[in-house]
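What the coordinates show
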Amino acid sequence: MQQNNNRAQFATRLGVIATTVGSAVGLGNIWRFPYEAGTHGGGAFLIAYLCFIFIFGIPILCAEFMIGRHTRSNIFGAFRQLKPTGHWHHVGYIGIVASMMILSFYSVVAGWTMEYLYQSVTGGLLLASPSDFDKQFVSFSTSNWRPLMWTLIFLSVNFLIVIRGVQKGIEKMSNIMMPILFVILLIFCVNSLFMPGAADGLKFLFSPDFSKLDSQVLLGAMGQAFFSLSLGLGTMLTYGSYFSNRTHIVRSATTTALLDTSVAILAGIIIFPAVFSFGISPAQGPALVFEILPNIFNQLPYSVVWSTLFFFLLFIASLSSTISMSEVTIAFFTEEKKMSRKKATIVNTAIAMVFGSICALSFGILGDFTICGHTVFSLFDYVSSNILLPLGGMLISFFAGWLLDRDIIRQQLTNKGAFKVYTYKAIIFSLKFIAPTGILLVFLSSLNLI
Ligand code: PFF
């Protein structure tokens, strides 16, 4: 990034893509996508997820980018600038609550990644059978202090990076790490395709059984699309505010969505053949990937090297995502509440440490404490992804489609006429009609109201 008009800007096109992809690619692709697809019937979920990414996701990503770049502000400031008299800036509160909830439960899973990294290095993953890995995960996640300790360590690492404003360092690192992660995923993919259960796994993921497509599957797929693209809470809007005037918004949004989706699909191709080969149920829930991956590594030569490298890369991918969601709350405290960056980061981390601890203990001592049938961990996961992010996205698309000045949209999407955007009309049509009504319909049908 380089300083310009007191606001940092990305210097290069690669900088833009690396940072937005750094936010988008993370546990959402490698941990959450397989477990959601596994519990929601595989193929039908994948098709719905892809439709949400392309029909709602890319247009709303463009909307966040253009509002951010036009206003050069965080989500609150942006809406206040565009509609000074309305209540639109309250959309920002949805973003704050969502980012705090996500940071809390995400840090628990990032903590599991750190435990598995530690176990890889110390040889703790050299077990024999699938049931051993199952037992190992259960005994780790239900023990109280270790998951708690890792959650707090992860949040402390996130804190040290965010408070020192050294995101650039992490961004540079993720420029190198993300392509390596991609290559490693490709290698694991090839390996999975040679497993005995490969055909069953691929059938589960790619051949849709449309009878499974009920309102809960749709809601889950929509939530996954928003979660995976870091959409609906102002993260991408804030990143858009750092874009230079030369950045091609539509191309950046499309590239980000394509790369993000490829990583999720690669993760699916790695996990499901293994699920069927090892005779494990695909509907394991959050434990799925942590039980399957060690089995896969264990079958490879030099398994310690593979698993160490993989969990390290996943840790970095998680960090570049938590940095981006922390920025939503920190921008609110510093730009709207005039706090120092230091104080804002401390408040953000303190809240996440309290709720993150409760989430970490949701698998152990707080397992019986449920609200509407959800532990605190699963409640935060469900409410943020399936309700808050799509709600934020619905309001952002409605705003961009109906209230944002057409000249601003044209200037932003075409860079004042410098580019011809072939999908221009389709983007506007989605923002105006398809995305807001589609999201509303999914909400209504999941509540059995239609
Ligand atoms: N998109 C991230 C992932 O898939 O892991 C999660 C995420 C990051 C959600 C940033 C929201 C956010 F603001």
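Residues numbered from 1 in each chain as written. Predicted model: local features only at pLDDT ≥ 70, side-chain atom pairs only at ≥ 80, totals over all residues. Heavy atoms only, no water.

Side note on the pattern of salt bridges
All told, the structure shown has seven salt bridges when counted by the stated rule. With a shortest N-O distance of 2.5 Å, Glu 336 and Arg 80 are connected by a salt bridge. Of this pair, Glu 336 sits in helix H14 (residues 303-336) while Arg 80 sits in helix H4 (residues 75-82), placing them 256 residues apart in sequence. Between Arg 341 and Glu 327 there is a salt bridge, with the nearest N and O atoms lying 3.3 Å from each other. Placement of Arg 341 in helix H15 (residues 341-360) and of Glu 327 in helix H14 is noted, with a sequence separation of 14 residues between them. Each of Arg 32, Glu 36 and Asp 381 takes part in a single network of salt bridges with overlapping partners. (Salt bridge = Lys/Arg side-chain N within 4 Å of Asp/Glu carboxyl O. Helix = DSSP H or I, 4+ residues; strand = E, 2+ residues; numbered from the N terminus.)

Overview of the packing of helix H7 (residues 145-163) against H14
Two elements in contact, H7 and H14, have axes whose closest approach is 10 Å; the angle formed by their N-to-C orientations is 60 degrees. On the basis of their axis angle, the class for H7 and H14 is oblique. The two elements H7 and H14 cross, and the hand of that crossing is right-handed. In this structure, H7 contributes Phe 154, Val 157, Asn 158, Ile 161 and Val 162 to the contact, and H14 contributes Phe 315, Ser 318, Leu 319, Thr 322, Ile 323, Ser 326, Glu 327 and Ile 330. (Axes fitted to C-alpha atoms, helices over the stretch in contact; angles between N-to-C directions. Parallel < 35°, antiparallel > 145°, perpendicular 65-115°, else oblique. Left-handed = near helix turned anticlockwise from the far one by under 90°. Contact = heavy atoms within 4.5 Å.)

Overview of the site of the ligand
In the neighbourhood of the ligand, 15 residues make up the surrounding shell, with Ala 24, Gly 28, Tyr 106, Phe 227 and Thr 235 lying closest. Ser 23 places a polar main-chain atom, nitrogen or oxygen, 3.3 Å from a nitrogen atom of the ligand. Gly 28 is positioned with one of its backbone polar atoms (N or O) 2.8 Å from an oxygen atom of the ligand. Protein contact buries 100% of the 340 Å² of open area that the ligand shows by itself. Looking at the shell around the ligand, the elements with two or more residues in it are helix H1 (13-24), helix H2 (27-39), helix H10 (215-228) and H14. Its residues placed into classes, the shell around the ligand shows six nonpolar, nine polar and no charged. (Near = heavy atom within 4 Å. Polar contact = N/O pair within 3.5 Å; in protein donor to acceptor, adjacent residues only side chain to side chain. Areas by Shrake-Rupley, 256 points an atom, 1.4 Å probe, with all protein chains shown as cover. Nonpolar A, V, L, I, M, F, W, Y, C, P; charged D, E, K, R; others polar.)

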